Amino acid sequence: MAFRFTDLSALRAAGFDALIDVRSPSEFAEDHLPGAVSMPVLSDAERAEVGTIYVQDSPFRARKIGAALVARNAAHHIETRLMGHDGGWRPLVYCWRGGQRSGSFTSILQQIGWRAEVLEGGYRTWRRHVVGQLYDAVLPFRVIRLDGYTGTAKTEILKRVASLGGQVVDLEGLARHRGSILGDVEGDQPAQKAFESALVGALSRLDPARPLLVEAESARIGTLRLPPALWVAMRDAPRIVIEAPVAARARYLAAVYADLAADTEGLTRRLNGLRSVAGHATVEDWLALLTAGETEALSRALIEAHYDRAYGRLRRDDASPVIAQIDGGDLDEAALDRAARAVAAHLA
């Protein structure tokens, strides 16, 4: 039996107990359906080997070798990961296009007695859905941007608005990046396709009748591009602007970027990357502050000589309306709570 995908809401409503991706580990790492678990029936090396035999030797021989490998790997998954499921377990299995890999694994699961089904069209069906949502369609949300200078705790306020019931998407969280040249977090950013899949997954749980709050971003977050439907919706969206004095922003940045400051070698490398923008003398001053452990002074220097200038250039031609200017105060816990409540009030 094959399950026909229409959207994530329908997939969730179908009530499958698990979503199993049987493609190779590299295919899964590049992108997969939200919530899927990886149980490859061919490793990357095995997939390459079978493909080479298919093209250069014999399709029949390739199918024999492939079948043996699939059976062996399926047995391993059953023995190590699936033995605890009872007879009512109902997984949905997919591969690249809903063909031999997912069909073979599903058949084995069905022979055991599990109510396994194949995703019709496989991963390609999902990818077409993502492209349709983010490249071909108009985003069905009234977007509001949370804006403000670097260090005004926008990401933290966004999270607090969500805890108050506001409808938000944390783009920097999905992109695993803090949105500036110093903003990469531990671990690599996802692939572009994986970022887009996570974004569709997040949007699928939201109500288009309610406003959607996102942090104001440029067209890129680190190495990732905001897909066209989202970027168009954000570009002219009204803004709620968070304001705070430079001293408070410097303290906040020093705390938020403490992990970066602790990695002196890594932060030195990042600061050196700004020489062409800020000039050698300015960067040398920053490095002296870093060496001296003056992280708050370094944060202030970065704000005044780099971040605020970059923000000014970015917003110079931004004619989108400002619907509220909210005082972030000292950006302490109480001030952040007040700012979040004020932002949430504008989403009601």
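Being a predicted model, the structure only gives us computed values, none of them experimental. (Residues numbered from 1 in each chain as written. Predicted model: local features only at pLDDT ≥ 70, side-chain atom pairs only at ≥ 80, totals over all residues. Heavy atoms only, no water.)

Section: the packing of helix α3 (residues 44–56) against helix α4 (residues 59–82)
Look at α3 against α4: their axes get within 7 Å of each other, and the N-to-C directions meet at 160 degrees. Compared by their axis directions, α3 and α4 come out roughly antiparallel. Pair α3 / α4 crosses with left-handed handedness. Residues Glu46, Val50, Ile53 and Tyr54 of α3 form the contact with α4, whose participating residues are Pro59, Arg61, Ala62, Arg63, Ile65, Gly66, Leu69 and Asn73. Considered class by class, the residues forming the contact of α3 with α4 number seven nonpolar, two polar and three charged. (Axes fitted to C-alpha atoms, helices over the stretch in contact; angles between N-to-C directions. Helix = DSSP H or I, 4+ residues; strand = E, 2+ residues; numbered from the N terminus. Parallel < 35°, antiparallel > 145°, perpendicular 65-115°, else oblique. Left-handed = near helix turned anticlockwise from the far one by under 90°. Contact = heavy atoms within 4.5 Å. Nonpolar A, V, L, I, M, F, W, Y, C, P; charged D, E, K, R; others polar.)

Focus on the packing of aromatic side chains
Any two aromatic rings considered together are summarised by their centre-to-centre distance and by the angle between their planes. As enumerated under the stated definition, the model contains five aromatic pairs in all. When the ring of Phe5 is compared with that of Trp126, the centres are 5.7 Å apart and the planes differ by 85 degrees; the resulting orientation is edge-to-face. Highlighted residues: Phe5 in the loop between β1 (2–3) and α1 (8–13) and Trp126 in helix α6 (residues 122–136), separated in sequence by 121 residues. When its relative accessible area of 9% is taken as the criterion, Phe5 is described as buried. The ring centre of Phe16 lies 4.0 Å from the NZ or CZ of Arg90, which sits over that ring. (Phe/Tyr/Trp six-rings, centres within 6.5 Å; stacked < 30°, edge-to-face > 60°. Buried < 20%, exposed > 50% of the residue type's maximum accessible area, 1.4 Å probe, protein only. Lys NZ or Arg CZ within 6 Å of the ring centre and 35° of its normal.)

A few points about the sheet that holds strand β12 (residues 322–327)
Spatial strand order, β7-β8-β6-β11-β12: five strands in an open sheet with parallel pairing. Only two strands of the sheet have a single partner each, and these edge strands are β7 (168–169) and β12. Alignment of strand β6 (residues 143–148) against strand β8 (residues 212–215), held across four bridges, turns out to be parallel. Pairing of Leu146 across the sheet is with Glu215, part of β8. (Pairing = 2+ DSSP bridges.)

Remarks on the environment of Glu296
Residue position: Glu296 is located in helix α16 (residues 295–315). Separated by 238 residues in sequence, Glu296 and Ser58 place their C-alpha atoms 66 Å apart.

Looking at the sheet that holds strand β5 (residues 117–119)
Backbone-to-backbone hydrogen bonds pair the strands of a sheet. The strands run either parallel or antiparallel. The parallel open sheet is built from five strands, whose spatial order is β1-β5-β4-β2-β3. Single-partner strands in this sheet number two, and they are β1 and β3 (37–38). Pairing between strand β2 (residues 18–21) and β3: two bridges, direction parallel. Across the sheet, Ile20 pairs through a bridge with Val37, a residue of β3. On the sheet, helix α5 (residues 100–112) packs against β2, β4 (91–94) and β5 and is oriented at approximately 155 degrees with respect to β4.

Some words on the environment of Leu199
Structurally, Leu199 can be placed in helix α9 (residues 192–203). Looking at Leu199, the relative accessible area reads 1%, which means it is buried. Distance from Leu199 to Leu82, taken between C-alpha atoms, is 30 Å for residues 117 residues apart in sequence.

A look at α16
If you look at α16, its biggest bend is around 50 degrees, right at Ile303. For α16, the set of buried residues is Leu298, Ser299, Ala301, Leu302, Ile303, His306, Tyr307, Asp308, Tyr311 and Arg315. (Bend = angle between axes of the 7 residues up to and from the residue.)

Topic: the pattern of salt bridges
Across all of its chains, the model carries 19 salt bridges by this definition. We note a salt bridge from Glu27 to Arg101, for which the minimum N-O separation is 3.0 Å. With a gap of 74 residues between them, Glu27 in helix α2 (residues 25–30) and Arg101 in helix α5 connect regions that are remote in the sequence. The class of Arg101 is buried, set by a relative accessible area of 13%. Between Arg145 and Asp318 there is a salt bridge, with the nearest N and O atoms lying 3.2 Å from each other. Here Arg145 is found in strand β6, whereas its partner Asp318 is found in the loop between α16 and β12, with 173 residues between them in sequence. Exposure class is identical for Arg145 and Asp318. Each is buried. Residues joined by salt bridges that share partners form a network here, namely Arg145, Asp147, Arg239, Arg315 and Asp318. (Salt bridge = Lys/Arg side-chain N within 4 Å of Asp/Glu carboxyl O.)

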